[in-house]
Each structure stands twice: as C-alpha cells, then as structure tokens.
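# A structural walkthrough
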Amino acid sequence: MDLARTEVALRKRVTKGGAARLGLIALPVAFFAAFFAYPVAAIVARGLKTDGGWQLGRIADVLTQSDIRHVLWFTTWQALASTALTLLVALPGAYVFARFDFPGKHLLRAVVTVPFVLPTVVVGSAFLALVGRGGLLDELWGVRLDTTVWAILLAHVFFNYAVVVRTVGGLWAQLDPRQEEAARMLGASRLSAWRTVTLPALAPAVAAAALMVFLFTFTSFGVVQILGGPTFSTLEVEIYRQTSEIFDLSTAAVLTIIQFLAVGAILAVHAWTVRRRETALRLVDASVTARRPQGVGQWALLAGVLACVAGLLLLPLAVLVQRSLDAPDFAYYRALTSEDGGTFLVPPIDAIGNSLTYAVVATAIAVLIGGLAAVALTRRDAGRFVRGFDALLMLPLGVSAVTVGFGFLIALDEPPLDLRSSWILVPLAQALVGVPFVVRTMLPVLRAVDARLREAAAVLGASPWRAWREVDLPMVRRALLVAAGFAFAVSLGEFGATVFIARPDNPTLPVAVARLLGRPGELNYGQAMALSTILMVVCAVALLVLERLRTDRTGEF
Amino acid sequence: MSNTRKFTAVVVGLGLVTLSACGSSESGSGGSGESKTVTLVSHDSWAVSKSVLADFEKQSGYTVKVLKDGDAGQAVNKAILTKDNPQGDVFFGVDNTLLSRALDNGLFQPYEAKDAGFVLPEYRVDQDKHRVTPVDTGDICVNYDKAYFTEHKLDPPQSFDDLTKPAYKNLLVTENAATSSPGLGFLLGTAAKYGDAGWQDYWKKLKANGVKVVDGWEQAYYEEFSGSSSGRKAGGDRPLVVSYASSPPAEVVFADPKPKTAPTGVATGTCFRQIEYAGLLSNARNTEGGKALLDFLLTKEFQDDMPLNMFVYPVREAAQVPPEFTKYGPQAEDPQTMDPAEIAANRDQWVKSWTSLVLK
C-alpha cells in the first residue's frame, strides 16, 4: 500500500518519541536528585565543610591513619577473597543448572536464589546460629568461626551464590552446545574445545557476575556488622561506626567519598562487560540444551553441586528455622505478639505489617521510577547523557546505605521536603535500592522488543494502542512483575538506611531482628530467629512466584 | 511510540495515587505538635514503673510517648544530627563521658528543674546555664565470677594493677571504648588513674595479659562473662567483665529462686563514676510538656522508683537506695572520677589512640 506514507509517519513518531523520552527521564532524574544526590551531598558537606570552607586536607589526614588504611585493606581483600570463593563454588553450580536436567530443578533454582534476597541481618543471624557460640558446629564439634574472617567469607558465598548461577548459568544454558561439539568433531580435545569456544562466549558473563559479587561484598554491611566483631570492619561498617558511634563526621565523609569512587569504578567496568555481553552470540532456547546427566563423572558433578547447595545454602536456613522452633509450643513465635516494654514499645509482630506496607509502597515507587528510566534508556542510540544516567542509576547499590540514611535525616527536614517525621522516608530509601533492580530487569526485555514488530502491526492496520497491547504488553508485563518482585524483596530486606530512619516505634522486620539480636537472653534470640524465619518465608514465596514468571531473557541478576 | 506514552501515563497515575496516599496519611499522623503529648527520646535501657508514669500523666495532663533509639552513644549522636528538627521534646541518657559532645553541639536549651536544689552537690554540672539535669548515677566496675575464683583458689582482683598480673591472664572481657558506654567509662577510669601519659602503657600490659574486647555490654555481660546467668548458659568463659557496681544485685533480683548471696562480686578498685543527664531539646515542639517531664525525673517518686528499674543510683538527696543494692553489692567507695572539661578535651583523641592500640 502506501509504504512511503507509513515510513514518514513512523519517522515523525520516532522524533516525537525522542522528546517524550526526555520527558520520561525527568522524573527519575528529579527523584535521584532529591532523594539520593542531595542527602548524600548534605551529609558529606556536614562532615567536610566547616566555617564555610571545604576541609579537603581531611582526606589526606584520614588516609594516612593506620587504622583507616587497615579498613581499606581489609575491605578490599575480603571482597576479592569472597569473590574468588563464590566463583569457585558457584561456577560448577552454574554449569549444572545450565546443562543438566534433573527432577526439582526449577524449585532448586528458586531456592538457591532465596539467600540473595534475604536481608543481610538474617544472613548474619543464620550464620551466627551455625558457626557462632552455641551454634550447630559448636554443639557438634566445638568449632566456632564467629569473629573469624571465615564466617564473613562463607556468609558472602551464601549470599552471592545465586548471582553467579543466574548470570553465568542463564547465558550458559543458551549457548549452543553444537558449537563445542563441532570443534571436537574437527579434532579439538575436550579442554581446548571448551577453552576456544565456550570460555570466550562465557567470559563476559563471568566477569560481570564477578564484578557484581565484588560490589556486593565490598560494600557489605549487615553481615560484617553481625559476624565481624570489633576487629573486622569494611568501609561501610566503618562509615556507620564513625557516624553513629564515634561521631567523627569528617572521617565518615572521607570514607563515603572513597567508597563512592571505588563503586563508581567497579560499575564502570561492569557496564563495559555488560555491553560486551550484548554482542551477538548464537543463542538457543535453554530448554533444548539441558539433558539428563550421563556417566559417573556427570552424576558425581551433580551430586557434588547438590551437596554444596545443601551444606552452604540450605543448612544455614534450616538451622535458622530450627532455632526459631527451639522452645515448646512455638513459644518464640507467640512471644512476638506480646507487647514487651524491653525492646520495642510495640509487639514485634507489628514489624511484619510495617515491613509489608513499606515494601509495597517502595515497590510502587521503584517500579514507577525504574520503569520510566528503563523506557527512556531503551533506545540503543541513546545519547551519552542517557547512558551516563544508566550507570548513575546503579550507584545506590554501592553507595553507603548508612550515608543515605543519615543524609535523609539531616537533609529532608525543611520545606518543601520536610519529611523527617513522615513514614514515607523509609519507602523512599528502600525504593532507591529497588530501582537498579527494576532497570536491570526491564531494560533487556524492552530492548528485545523488535521495533519492526510494531511497525508490522501498524502496517497491518493495527492502531498504536492495539499494537502496544498485542506486541509490547505481553512481553513487558512479565518483566514488570519480575521487576516488581525483586524490588519488593530488596525493599523488604533493606537494612543499612532503614535502621536510621525507621522510627523506633515503627520498626521494620530487619530492624527488629537486629535489635532483638542486640538484646540479651534466650527469648530475644529466639524471637530474632522467629522473625528471621518469617522474613525468609515471605521472601521465598515472592521468589517462587517470580520463578514461575521468569522469562529466559529477563534480567542480568 | 504512543505506547510508551500510555505506559508512562499508567505509571505516572500509579505514582500520583501513591504520593497522594502518602500525603494524606502524613497530615493525619503529624501528631507530635499536639501540646498534650510530650515525647521522651532515650536509649534502650530506659525503664519506669507503669504506675509511676501513670501518676505523672494523670497529674500533669500530658501523655508521655517514649522513643528508645539504640545504645546510649548512638542515641546521643542521632539526637545531635537531628537537633534542628528533633524527634521529641526531652532527651534522657547522655552521661558524663559524652556530655561535652551534647553541650558543644547545642543539643539542649536551658531549663532548671523545680527540684534541682535537691540534687546532691557532687552531681551538679553546668550550674550557670542549667542545660542538663542530673538524673541518676552508677559506677562502672570490673565484676568477677565468685564461683570461678573459689574453684581456682584464687583471690579476685581488686585494682586496675591487679588486672595486669599473670594470675588473671585471659580472664577479662571488656567493651569497645568507641562504641559502648561502659567500655568508654573503663578507659576513662584508667586514664584518671594513670594519667594522660600512663594509660597507654597500662593498656599495653592489659593487652599482653589477654584482655578480650567485644562491641557491646550485652555481648560482654550476657555471652562472654561466666558469672551472669545468661553467660553461664551461653558458655561464657571469662570470669572478669567490665560492667556496673549494680550488676550483682541485678543477678539476685532477676534470679528465680533468689540466691542468698550474689553470684558475682565487684572489684572495688576498678570503678569509674558515671552520671546520666536529661535535658530539654533545642527546638522541642512541646517545651512546656518537656519542662514538666524534666521536673518529674527529679521528683522523689521517680527517683525512688528508678533504681530497681534501671539499676542505677538516685541523685536526689534522701531518695531511697533499695536494700538489695546495699545487701548484694556495696557502692564503690572511692571511684575514679574525671572533670567534664578534661573528658571533653581528651575523649576523642584517647578513643582513637585506644582503638589503634588495642583493636588493630
């Protein structure tokens, strides 16, 4: 028909689309300026600006202190060690999940992801129950690992196992095995075929996963806070101590800047590997590449991976549940419903309601902001500004949550942003951490929607609305739900910022767990375990639902 | 591309709904301005008998809301950070070790409580401005596990010097001076005893003698210390702990059945005197209510009630010290004390040096 006219109309729409995109990005930019950049800048300025001048000399002062250098060194090496250990343990797992078919695989896939969305406080308490004083290992063999670096490293592996399995395994499952087979046909040994065919295809995904693990462990807070004792502290923990306990705001500000720079560098490298990963690979449907394990070797590998998952991932969770039930008649759970004047002024069970409400609101905000940003970022020819914004959106993942929390307290207390006594502060802070997940989940899917499909629909006479409904919506809807699920889970577990801004009479679940753990006595400990178990179950249910929705293209997490 | 616009419309709409929902509930819950509610911000150890608090509410007509905001140090720091728009009207729980930080940062506004004249002279501070009101006092001392020392036929230590002796190697657990108020008190006690020049040497010896440092008092006393009832259950293996002179009475009061004597004792030569203050927060919304609450904290009724709730001693003359206190743990006779100005001048530097020396 009249192709020329369609062409013109399409082009016009594209230019209009460009303008609309700028409009789309305005809200996320405003959100980040008001609730991220401004509070962080405010707390840094509070520490480094005295008598109207910037005390930049403090940076050199702080860096020459031996205990601060000790913290920097520990932060780096434990992150490197955690990353190496996680890769070592999880890469075989990624292979098994990618290539083998076995009963219960989908369930197990969801189960190994549970730790990742668990609040760090719960991970910390689970490991305390496993390797701490009076923990399972202590009871059985008298082995205690708390206050050693091993407890921290193991908890980090536990926490990040899923990052590697999902990022690397997801791609591995879609690599066409016939390419490697072809290489072997042509005379390559098994090893060299793997080295020359599979490894190069896989390397960017491994690098991206390793960088994410490095980022998460480099900025680790809750885990180190609970398991580290006074000797071990990461930058993030040190920022917390300097601000909240020692009240040395200038040192805290310098550390915040250092962490900011380090995280920026990590994210830049990550963005680069992700872009490389988007280069064309011959991908096939994951369901055709997996098959039953064959031969003793493969069965042994599967058994090894399962044993690893059982020991490292399931055991801590099981111990947590067991400790929560370690009193007759669910006493710890029942205690949650009674008002005790000791720790809170409300029954701890109220924390569940608070948490769910906050998380729902945070999810709505994160999906709104992240969704808009993702739509704006979809264009492959997006400008440098927009691409830069992509990286900026990731920053809240790595910039000290503690800093954000304190920044909220001191920055958002005057009109027009007088939110200090409002409960909305908590969901806003949680949404900040949720947005990166939404963007990373939505972006690949939005980009994968082939513009030609829409054009074809238009050519066939579909109205734009109908084209959107029939083409985009089915693909985007799932991703949107998955994104919402992730945002919900991380909001539920957010601890670093929430711990400062949640009002003492409105604690969230992780805050309540941390406070209960800080109180003496079996009843408080048991209640902490019971609350952790409840939190874990909520997260696990959210994940199982996600696993049903998951599309193979969804997500870089 | 209108699809993206529609998508936008949907999400924007959703967002607006959310935001307006926030707005409405926010205006509904902004109750802290009501003059009939007075809000007390404190640390986790705040406690009062319900009947005593109810009496105050009935007599004054105010409803008291309490926000417990973490450990003593954290609560003070957070209060300072939020002083322009405080969470409440009165803050209770800044002690003499951190007092200068609160005063220098302008946390409190002047108010002299009605019964200030009844405060024992040794606890009065800031007499020209009256920014804080003393409320309670106590001694931070090393406690020992009586059973351990009987079993090992060893005399328990009595002084700071004793703690560095080989007989007590690997027996003491203390708290991080940077994060815990008894930990800081113990450090200040050693600084008072050995002076600015000598305390580092003392701690070197203490470190060589195997002192263990944990982050908080709860962990030290309830997990590491072998003498407390929870510590015994938790398998604590340190028979010496930095705690309070009132801890032995607490062991008896909370025990069921009650033992004839306390299972723990106090090394009376290792004590440091701690005094806790309350004050009217600068920018408090309900200053009248805050003043009434401060008055209440010095009344005889509250001062008599307080000791067995928070295990501290009253500062009001002729207030009753419960018989359990005198029976199970004598108050230290000559505790180390330090002039607030000296604490203010040295605290942060001492803590820093201590951290490098002992922890790293």
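None of these values were measured; they are calculated from a predicted model.

### Regarding the domain arrangement of chain A
All names here are of chain A. By domain assignment, chain A separates into domain 1 (22-55 + 331-557) and domain 2 (68-323). Residue-level contacts link 41 residues of domain 1 with 45 residues of domain 2. Those elements giving two or more residues to the side of domain 1 that touches domain 2 turn out to be helix H1 (3-48), helix H17 (384-398), helix H18 (401-411), helix H21 (464-493), helix H23 (509-517) and helix H24 (522-549). At 12 residues, H24 tops the list of elements feeding residues into the side of domain 1 that touches domain 2.

### Quick look at the nonpolar core
Residue and element names in this part refer to chain A. Judged by nonpolar contacts, the single largest core of 270 residues is most densely connected at Ala483, Ala487 and Leu531. Looking at this core, the element that brings in the most residues is helix H16 (residues 350-377), giving 17 residues. Once residues lying within four places of it in the same chain are set aside, the contact partners of Ala487 are Ala362, Thr363, Ala366, Val367, Gly434, Phe437 and Val438.

### Here's the deal with the domain arrangement of chain B
All names here are of chain B. Here chain B is described as being made up of domain 1 (33-137 + 275-314) and domain 2 (139-274 + 337-359). The C-alpha-based centres of domain 1 and domain 2 are spaced at 27 Å. In this complex, domain 1 contributes 15 residues to the contact, which on the side of domain 2 involves 16 residues. For the side of domain 1 that touches domain 2, the secondary-structure elements that each account for two or more residues are helix H3 (72-81), helix H4 (99-104) and strand E9 (264-281). Grouping the amino acids of the side of domain 1 that touches domain 2 by side-chain chemistry returns seven nonpolar, five polar and three charged.

### A short note on the packing of helix H3 (residues 66-99) of chain A against helix H14 (residues 295-324) of chain A
All names here are of chain A. Two elements in contact, H3 and H14, have axes separated by 10 Å at closest approach and are oriented at 125 degrees. Accordingly, the angle class assigned to the pair H3 and H14 is oblique. Crossing of H3 over H14 shows left-handed handedness. Where H3 abuts H14, its residues Val89, Pro92, Gly93 and Val96 lie against Leu301, Leu302, Gly304, Val305, Cys308, Val309 and Leu312. Grouping the constituent residues of the contact of H3 with H14 by class yields nine nonpolar, two polar and no charged.

### What about the environment of A:Thr378?
Residues and elements named next belong to chain A. Locating Thr378 in the fold gives a position in the loop between H16 and H17. Judged by local crowding, Thr378 falls into the buried class, with 22 C-beta atoms found within 10 Å. In this structure Thr378 touches Leu443, Leu446 and Arg447, once residues within four positions along its chain are discounted.

### Considerations on the pairing of strand E3 (residues 90-95) of chain B
All names here are of chain B. Summarising burial for E3: six of the six residues are buried, a large majority. Relative to E3, strand E1 (residues 37-42) is paired through two bridges, and the arrangement is parallel. If you follow Leu40 over to E3, its bridge partner there is Val90. Sheet topology note: the E3/E9 ladder contains five bridges and is antiparallel. Among the inter-strand pairings, Asp95 is bridged to a residue of E9, identified as Glu276.

Conventions we followed
Residues numbered from 1 in each chain as written. Chains lettered and ligands numbered in written order. Predicted model: local features only at pLDDT ≥ 70, side-chain atom pairs only at ≥ 80, totals over all residues. Domains from an automatic or database assignment. Contact = placed C-beta atoms within 7 Å. Helix = DSSP H or I, 4+ residues; strand = E, 2+ residues; numbered from the N terminus. Core = buried A, V, L, I, M, F, W, Y, C linked by C-beta atoms within 7 Å. Buried ≥ 20, exposed ≤ 12 C-beta atoms within 10 Å, placed from the backbone. Nonpolar A, V, L, I, M, F, W, Y, C, P; charged D, E, K, R; others polar. Axes fitted to C-alpha atoms, helices over the stretch in contact; angles between N-to-C directions. Parallel < 35°, antiparallel > 145°, perpendicular 65-115°, else oblique. Left-handed = near helix turned anticlockwise from the far one by under 90°. Pairing = 2+ DSSP bridges.

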